[in-house]
Amino acid sequence: AGIELLGRPLRERQPYSNDVPSDTSSPSTAKSIGPDVRHELEVSISDSALQSSFDNVKLSVRWPMYNRDEAWLLYLMRVSIEDDRVGNTRCMSAGVVNPLGVEDSSLGKVKRAVEGDPEDGAPVNCEDKKVDCAQFFCYIDRLERGDSVRFRFMARLWESTLFNVGNINITSYVSIISVDQQDFVFGPEGKSAMKSQFYPSSATKRDYLWIIIGSVIAGILLLILLIIILWKCGFFKRKAPPAHRPEAHNDEGEG
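What exactly am I supposed to notice about the overall build of the chain here?
Within the chain, the secondary structure is distributed over one helix and eleven strands. Going residue by residue from the N terminus, the α and β elements of the chain occur as β-β-β-β-β-β-β-β-β-β-β-α. For the chain, the residues scored as buried account for 38% of the 255 residues in total. Taking the intrachain contacts of the chain between residues at least 6 apart in sequence as the baseline, contacts between residues at least 24 apart amount to 80%. Accessible surface, the chain as shown: approximately 15,900 Å² in total, 53% of it carbon and sulfur.

Below is the structure:
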């Protein structure tokens, strides 16, 4: 294809609270939603590309915003872009990024996105059948060899949706859908899947508890075995003192 997408989660495995869910229908802060989740994507021209530049690159982003019951899942807070060319790159994500206007102190003041697209935010199928994605689009006006455009997708895991769920993998997808070049080949390097693995923190606590219980039981069994060995060796048998016979004394005056 000539254009390469390299995506990854900032942290591949993250714990989340699996306690009884509180009411998060109208969260006041992002922290009350759940842990911070970040996916990063780098777009560049591959070394094997014959072209030295590409114009009007359009990316489709499918973000795992909901589960199949339409409950929040990976709530997208912000999309940031690093590009040396000012005004060269943009994302039309007004309907997807922070639709509830939740404040996040770790990101500074969070504003709703102002740019939109007629197709922005439309629910689409993710490859994971348990998840529904919200789709939006990002545009790179010009990409030249040596350029590297980076996207950072910052979100919050909606913990209350995962009550009694257990371990779960959540994946975001980005793909190139159009380029202003005749006979452009859409190869596998033009797609990226960024998977995050989540596990309940209570499971970790249970694992530690069983380790402690197992260690205590092992210690008791070892102590019992040591006592048995010492008993077999006669350690606990006390030697009887030698019998003492008082000497007979004749009283004076006895004949």
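When you look at a nonpolar patch on the surface in this model, what are you seeing that I'm missing?
On the surface, a cluster of nonpolar side chains totalling about 710 Å² of accessible area is made up of Ile212, Ile213, Val216, Ile217, Ile220, Leu221, Ile224 and Ile228. The residue Ile228 is located in helix 1 (residues 201-232) in this model.

What is the right way to read the pairing of strand 10 (residues 168-178) from this model?
Side-chain positions along a regular strand alternate between the two faces of the sheet. Within strand 10, eight of the eleven residues are buried, which leaves the element mostly enclosed by the surrounding structure. As paired elements, strand 4 (residues 53-67) and strand 10 share five bridges and run antiparallel to each other. Bridging across to strand 10, Val61 finds its partner in Val174. Looking at chain direction, strand 10 and strand 11 (residues 191-200) are connected through eight bridges and run antiparallel. Across the sheet, the residue bridging to Ile168 is Phe198, located in strand 11.

Even after reading the chapter, I still don't get the packing of aromatic side chains, so can you show me in this structure?
Between two aromatic rings, the relevant description is the distance of the centres plus the angle of the planes. A complete count under the given rule lists nine aromatic pairs for this structure. Ring centres 5.1 Å apart and planes at 85 degrees place the aromatic pair Trp72 and Tyr75 in the edge-to-face group. A centroid spacing of 5.5 Å and a plane angle of 65 degrees characterise the contact between Tyr75 and Trp158, whose relative ring orientation is edge-to-face. Placement of the pair is Tyr75 in strand 5 (residues 74-82) and Trp158 in the loop between strand 9 (149-157) and strand 10, with a sequence separation of 83 residues. The same class applies to Tyr75 as to Trp158, namely buried. Through successive ring pairs, a cluster of aromatic residues spans Trp63, Phe136, Phe151 and Phe153. Sitting above the plane of the Phe137 ring, Lys58 keeps its charged end 4.5 Å from the centroid. The ring of Tyr173 is capped by Arg62, whose NZ or CZ atom sits 4.8 Å from the centre of that ring.

Basis of the calculations
Residues numbered from 1 in each chain as written. Predicted model: local features only at pLDDT ≥ 70, side-chain atom pairs only at ≥ 80, totals over all residues. Heavy atoms only, no water. Helix = DSSP H or I, 4+ residues; strand = E, 2+ residues; numbered from the N terminus. Buried < 20%, exposed > 50% of the residue type's maximum accessible area, 1.4 Å probe, protein only. Contact = heavy atoms within 4.5 Å. Areas by Shrake-Rupley, 256 points an atom, 1.4 Å probe, with all protein chains shown as cover. Patch = residues over 30% accessible without salt bridge, like charges linked within 9 Å, V, L, I, M, F, W, Y side chains within 5 Å. Salt bridge = Lys/Arg side-chain N within 4 Å of Asp/Glu carboxyl O. Pairing = 2+ DSSP bridges. Phe/Tyr/Trp six-rings, centres within 6.5 Å; stacked < 30°, edge-to-face > 60°. Lys NZ or Arg CZ within 6 Å of the ring centre and 35° of its normal.

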